[in-house]
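# Coordinates in review
Residues per chain, in single letters:
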Amino acid sequence: MTTMSDTARSTDWVCADCGKPLSPGKTSLTYMGSRFTVELLQCPSCGLVFIPEDLALGKMAEVERILEDK
């Protein structure tokens, strides 16, 4: 399981929809038929998930390229 980045962990984020503080939680992501469970910040009320830029442009982009090359 992947853990949250330092950026996401060290900053107080709030939900854009509810205004409630985001908290860490396990989130299931699916891409091209593959499922990944990661720990990300999410809203305890509406479930909105925050994916930090460094994760989206780093590890997630790398996994995306690997899956598309299969």
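Residues numbered from 1 in each chain as written. Predicted model: local features only at pLDDT ≥ 70, side-chain atom pairs only at ≥ 80, totals over all residues. Heavy atoms only, no water.

## Overview of the overall build of the protein
What counts, and what does not: Helix and strand definitions follow DSSP, with helices as H or I runs of at least four residues and strands as E runs of at least two, each counted in order from the N terminus. Here the term buried applies to any residue with accessible area under 20% of the maximum for its type, exposed to any over 50%, and partly exposed to those in between, with areas from a 1.4 Å probe on protein chains only. Reported accessibility uses the Shrake-Rupley method at a 1.4 Å probe radius. Residues are deemed covered only where the shown protein chains occlude them.
Check the secondary structure of the protein and you find 3 helices and 3 strands. In the protein, the order of α-helices and β-strands from amino to carboxyl end is α-β-β-β-α-α. Per-residue burial over the protein gives 24% buried out of 70 residues. For the protein, the exposed surface amounts to about 4900 Å²; the carbon and sulfur share of it is 52%.

## Quick word on the sheet that holds strand S1 (residues 23-31)
The cut-off we apply is this: Here, any two strands with at least 2 DSSP bridges between them count as paired. Whether two residues touch is decided by their heavy atoms; if any such pair falls within 4.5 Å, the residues are in contact. To get an axis, fit a line to the C-alpha atoms, keeping to the stretch in contact for a helix; angles then go from 0 to 180 degrees between the N-to-C directions.
Spatially, S1-S2-S3 is the arrangement adopted by the 3 strands of the open sheet, whose pairing is antiparallel. In the strand order of this sheet, the two ends are held by S1 and strand S3 (49-50), each with one partner. Where helix H3 (residues 59-69) meets the sheet, its contacts fall on S1 and strand S2 (34-42), and the angle it forms with S1 comes to roughly 20°.

## Considerations on the confidence of the model for the protein
Cut-off, in case you're wondering: For every residue, the predictor states its confidence as a pLDDT score lying anywhere from 0 to 100.
Scored by pLDDT, the protein comes out at a mean of 81, with 83% of its residues at no less than 70. Per-element mean pLDDT across the protein ranges from 50 in helix H1 (residues 6-10) up to 93 in S3.

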